[in-house]
Amino acid sequence: MGNRVASKKRLRNQEWTAAAPGTQDAGQRWLNRLHAFLKTLSVKEGECPTGEHIYRFIDSMSKIITSKYRDKPRPSLSTIKTSMKTLVTVLVCTYEDFKMSAYWVAKCESLLNTLVKEGILVKGIWSKRRRVGFYTTLILCDAFLQTGLEEGCASWDIRLSKLLSVVLIAACACRSGDITHSSLYTEMEYLTFGDITLSFKDGDQLKDLHLDITLRAEKGAKQTLNEDREVSIAALQDPKHNSVCPVKLLVIHALRTGAVDARSWEELRTQTLRRSNKTVKWQTPKRPVVSAVQTYSISFLDLEKPARPTQVWQTCLTMGRKAKLDVKFSPYDLRRGSARDIAHLLKDVRGFATHAVAGALGHSGPTFQKGVTSMYAGDSEVSIWSLRAAHAFPGRNEGMVTQNPFVPKQPTRDEVQDYCEENGWAVDDVVAAKRAKRHLIEDQEEAWRVGHHSGEAATEPPLKKKFHAMDYHVLRERSASKVNQGFEAQDLTNIDPRLFIEGASEREMSGLESAVEKSRSSDIEIYDESDNEEAVLSDENLTRASEILSAMSGVALDREFSVTVDKEDLQIDLTKDLLEALEDDLAPDEHDHIHTSGEIFV
């Protein structure tokens, strides 16, 4: 009896409810618009709308609503069609007598075609589809890290977290809402550390780490139990790919934010190898992998709050500017680029359900199309990201890296006020002023892109930014006083003190010459102090040696010097020959903190 009463009460109060909160919000919003429109037609409240009402509603709303894109003057045909489809579903659930006859359906279709021809609606996609594959992603991520080292950043935790979010989307070929917290969702519909399994496979080094990610918050399956997609990612072996390696970036992020009970990579490695399954144990399994960036008086990473998709979009715009890319790119472009890269790797990609698998299981064509075969086969265990790294190529329409970066110019107060007046905004409104500044800077960036595409962009190379002394040690231009200071205060601690002994005898010089001849006969030989206890140089050679030392310490000398050793002159051109000789034996750049070994990078 209780169930009968409860069910009858529920039936009386039941309203239209969608599976996704975004669809629910859109349906309710269009229903409110329809009710407001019906009041202008003097339709009584609660009266069921007719096909004529829907026809006139479409005609009116197509001329009123605006696009979210500033440069798009009219809404899209697809927007109106999708909205009307949702609205009809809401009306069917709200009004028992509501029906759209074939007559009014045909009328509405004809109306939409007429609105397109009149230019009121836009047919097609307004923004050009771009595909950002592995090749361009590597350029973007390298520039994002490199500019952080050169220019500095407010917080490396923030920069690394943003970089990780973009790399995860590219490596998993997923949407930004699959790993972040989409709007209107209230539960844990985002990627957490507990959804990631990081373990050693076939080794005990960083290059042997393997990542298994469970995407349980994909579009259409956020609230569906055990309908997840699993992605396998192996650590990239090439040091040139460090900036786009999800494994290394995740280890760095976990160590910096306390997601693991370790303070260094060696400590984490030792703890993990002690476990039987060789799997990293997360200290915070429910914490989001991509955390929100809070911007108050200072910016900081809120570790317990998941990021929104808009944060990833802003990161993509920032990375494009840092890399001097002449086009805008979005997370959608990363997903499209993944599809294109994988389409060129079909011979190497394995583990997905095919018609051969369906035939072996006895599945029919319709059964295969419904995804039943894929449910049986499961997800691929091949690291597709590694295959894409090995076969990366520059694709069409990915944009070009320009020579001159975009440098925004802060709008003046008069420009902001004029812009507000043109758009009918209050001049003294703080929010309107911020919006005006943002729009003016966006206009500057668009003009920069148009100028580059038309060939009118400035051709002067940008000024090279100087590196931070704490990270890089390079030769810098020095004034005359600094040059003289370099001559006066030389570091002579690494020079044999016997070379400064005055009054060396002929026997001592002979012993030194023999030592020099001995050093010539061997590429690398440790000097034996017992051979020549009192070897010295003459004042003339000592002066020349001091001059050579000054040149090698960074002092520019445009003249030649010779050092006489056993009646043989060694000619050294300090402005050319010496630098070329140093370049011939140049070791890998020890200050390149990005393209180095995995352990050093972490």
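Quick notes on the rules
- Residues numbered from 1 in each chain as written.
- Predicted model: local features only at pLDDT ≥ 70, side-chain atom pairs only at ≥ 80, totals over all residues.
- Heavy atoms only, no water.
- Helix = DSSP H or I, 4+ residues; strand = E, 2+ residues; numbered from the N terminus.
- Buried < 20%, exposed > 50% of the residue type's maximum accessible area, 1.4 Å probe, protein only.
- Contact = heavy atoms within 4.5 Å.
- Areas by Shrake-Rupley, 256 points an atom, 1.4 Å probe, with all protein chains shown as cover.
- Core = buried A, V, L, I, M, F, W, Y, C linked by side-chain atoms within 4.5 Å.
- Salt bridge = Lys/Arg side-chain N within 4 Å of Asp/Glu carboxyl O.
- Pairing = 2+ DSSP bridges.
- Disulfide = S-S within 2.5 Å.
- Axes fitted to C-alpha atoms, helices over the stretch in contact; angles between N-to-C directions.
- Parallel < 35°, antiparallel > 145°, perpendicular 65-115°, else oblique.
- Left-handed = near helix turned anticlockwise from the far one by under 90°.
- Nonpolar A, V, L, I, M, F, W, Y, C, P; charged D, E, K, R; others polar.
- 1 Å grid on protein atoms, 1.4 Å probe; cavity = no way out; pocket = protein on both sides within 12 Å on 5 of 7 lines; lining within 4 Å.
- Points joined across faces, edges and corners; volume = space filled by probe spheres on them.
- Expected span 1.5 Å × (residues − 1).
- Patch = residues over 30% accessible without salt bridge, like charges linked within 9 Å, V, L, I, M, F, W, Y side chains within 5 Å.
- Lys, Arg positive; Asp, Glu negative; His and termini not counted.
- Charge placed at Lys NZ, Arg CZ, Asp CG, Glu CD.
- pLDDT = per-residue confidence, 0-100.

Peer 1: Explain the overall build of the protein chain to me, please; I cannot follow it from the model alone.
Peer 2: The helix and strand inventory of the protein chain stands at 23 helices and seven strands. Counting all 602 residues of the protein chain, 38% fall into the buried class. Across the protein chain, every contact between residues at least 6 apart in sequence was considered, and the portion connecting residues at least 24 apart equals 66%. Taken as a whole, the protein chain presents about 36,800 Å² of accessible surface, with 51% of it coming from carbon and sulfur.

Peer 1: What is the right way to look at the nonpolar core in this model?
Peer 2: Soluble globular proteins tend to bury their nonpolar side chains together. Counting residues in hydrophobic clusters, the biggest one holds 66 residues, and the most contacted among them are Ile-213, Trp-282 and Val-289. With near-sequence residues (within four places) excluded, Ile-213 lies in contact with Leu-168, Cys-172, Leu-191, Asp-195, Ile-196, Arg-229, Glu-230, Val-231 and Ile-233. Ranked by size, the runner-up nonpolar core spans 27 residues in total, among them Trp-16, Phe-57, Cys-108 and Leu-111.

Peer 1: Hey, could you run me through the pattern of salt bridges in this one?
Peer 2: For side chains bearing opposite charge, pairing can occur when the charged atoms are close. Within the structure shown, the criterion is met by 19 salt bridges. The salt bridge involving Asp-443 is made with Arg-70; its shortest N-O contact spans 3.2 Å. Here the residue Asp-443 occupies a position in helix α18 (residues 430-453), and Arg-70 occupies one in the loop between α3 (51-64) and α4 (77-94), the gap between them amounting to 373 residues. By relative accessible area, Asp-443 is classed as partly exposed at 36%. The partly exposed category is assigned to Arg-70, whose relative accessible area is 41%. A salt bridge links Arg-229 to Glu-218, with the shortest nitrogen-to-oxygen separation between them at 2.8 Å. Remark: Glu-218 occurs in the loop between β2 (209-215) and β3 (229-234) and Arg-229 occurs in strand β3; sequence separation between them is 11 residues. Overlapping salt bridges bring together Arg-70, Glu-442 and Asp-443 as one network.

Peer 1: Could you clarify how one ought to interpret the pairing of strand β4 (residues 291-295) in this entry?
Peer 2: Remember that side chains alternate between the two faces of the sheet whenever the strand is regular. Where burial is concerned, most of β4 is hidden: four out of the five residues are buried. Pairing between β4 and strand β5 (residues 299-306): five bridges, direction antiparallel. The partner of Val-293 across the bridge, within β5, is Leu-301.

Peer 1: Whenever I open this one, unusual backbone geometry confuses me. Can you help?
Peer 2: The phi torsion of most residues other than glycine is negative, and most of the peptide bonds are trans. Even without glycine at this site, Ser-42 takes up a positive phi of about 60°. Relative to the elements of secondary structure, Ser-42 occurs in the loop between α2 (21-40) and α3. Its relative accessible area of 66% is what places Ser-42 among the exposed residues. The backbone of Asp-202 shows a phi angle near 60°, a positive value even though the residue is not glycine. Here Asp-202 lies in the loop between β1 (196-200) and β2. By relative accessible area, which is 83% here, Asp-202 ends up exposed.

Peer 1: What is the right way to read the state of the cysteines from this model?
Peer 2: In a disulfide, the sulfur atoms of two cysteines are held together by a covalent bond. Tallied over the full model, the rule gives zero disulfides. For Cys-172, which is in no disulfide, the shortest distance to another cysteine sulfur is to Cys-174 and amounts to 5.0 Å. Take Cys-172: its relative accessible area is 2%, and that puts it in the buried class.

Peer 1: Mind showing me how you'd approach the sheet that holds β3 here?
Peer 2: In any sheet, the strands associate via hydrogen bonds between backbone groups, in a parallel or an antiparallel arrangement. Pairing in this open sheet of three strands is antiparallel, and the strands run β1-β2-β3 from one edge to the other. The open sheet is flanked by β1 and β3, the only strands paired with a single partner. Geometrically, the sheet is characterised by an average inter-axis angle of 15° between neighbouring strands, direction not taken into account. In this structure, β1 lies alongside β2, joined through five bridges in antiparallel fashion.

Peer 1: Explain the packing of α3 against helix α5 (residues 102-117) to me, please; I cannot follow it from the model alone.
Peer 2: Angle between the axes and distance between the axes: these two values describe a pair of packed helices. Running from N to C, α3 and α5 point in directions that differ by 15°, and their axes come no closer than 9 Å. Relative to α5, the element α3 lies roughly parallel. In the packing of α3 onto α5, the handedness of the crossing is right-handed. Counted together, Gly-51, Glu-52, Tyr-55, Ile-58, Asp-59 and Ser-62 of α3 and Trp-104, Lys-107, Cys-108, Leu-111, Leu-112 and Leu-115 of α5 form the full contact between these two elements. In terms of residue class, the contact of α3 with α5 is made up of seven nonpolar, two polar and three charged.

Peer 1: Help me understand empty space enclosed by the protein, please; the structure alone is not making it clear to me.
Peer 2: Over the atoms, a rolling probe the size of a water molecule traces out where space has been left empty. Tallied over the full model, the rule gives one cavity of 30 Å³ or more. Taken together, 13 residues line the largest cavity, and the ones lying closest to its centre are Leu-317, Gly-320, Arg-321, Glu-445 and Arg-449. Listing elements by their share of the lining of the largest cavity, those giving two or more residues are α11 (309-322) and α18. The leading source of residues in the lining of the largest cavity is α11, at four residues. Looking at the lining of the largest cavity, its residues break down into seven nonpolar, one polar and five charged.

Peer 1: Please explain helix α12 (residues 331-343) as it appears in this structure.
Peer 2: Side chains of residues three or four places apart in an α-helix project in the same direction, reflecting 3.6 residues per turn. Taking 1.5 Å of rise per residue, the 13 residues of α12 would be expected to cover 18 Å, and the 19 Å separating its terminal C-alpha atoms lies within 8% of that figure. Turning to α12, its buried residues are Pro-331, Asp-333, Leu-334, Gly-337, Ser-338, Arg-340 and Asp-341. Here the buried face of α12 lies against α6 (134-151), α7 (156-172), α8 (176-179), α11 and α16 (384-390).

Peer 1: Looking at this model, I keep getting lost on a negative patch on the surface. Mind explaining?
Peer 2: A grouping of Glu-227, Asp-228, Glu-230, Asp-379 and Glu-381 is seen on the molecular surface, where their side chains present a negatively charged patch. For Asp-379, the location among the structural elements is in the loop between α15 (372-377) and α16. Judged by its relative accessible area of 32%, Asp-379 is partly exposed.

Peer 1: Which parts of the structure should I look at to understand the confidence of the model for the protein chain?
Peer 2: When pLDDT is low, close inspection of the predicted coordinates is not appropriate. On average, the protein chain scores 80 in pLDDT, and the residues at 70 or more come to 77%. The low-confidence segment residues 458-478, where pLDDT is below 50, has 36 contacts with residues more than four positions distant or belonging to other chains. Contacts for the low-pLDDT stretch residues 518-535, under 50 throughout, to residues beyond four places or in other chains number 20 contacts.

Peer 1: Sorry if this is basic, but what is going on with a nonpolar patch on the surface here?
Peer 2: Taken together, the side chains of Tyr-135, Ile-139 and Val-401 present a nonpolar region at the surface, about 240 Å² in accessible area. Taking the relative accessible area as the measure of exposure, Val-401 reaches 43% and is therefore partly exposed.

Peer 1: Could you clarify how one ought to interpret the packing of α2 against α3 in this entry?
Peer 2: Where α2 contacts α3, the axes come no closer than 11 Å and their chain directions differ by 105°. Classified by the angle between their axes, α2 and α3 sit roughly perpendicular to one another. In this structure, α2 uses Trp-30, Arg-33, Leu-34, Phe-37 and Leu-38 to contact α3, whose residues at the interface are His-53, Ile-54, Arg-56, Phe-57, Ser-60 and Met-61. Taken together, the residues that form the contact of α2 with α3 break down as seven nonpolar, two polar and two charged.

Peer 1: What's the story with the side chain of Thr-373 in this structure? I'm lost.
Peer 2: With respect to the helices, strands and loops of the structure, Thr-373 is situated in helix α15. Owing to a relative accessible area of 0%, Thr-373 belongs among the buried residues under this scheme. Excluding residues within four positions of it along the chain, Thr-373 makes contact with Ala-353, Thr-354, Val-357, Ala-358, Leu-361, His-363, Thr-367 and Phe-368.

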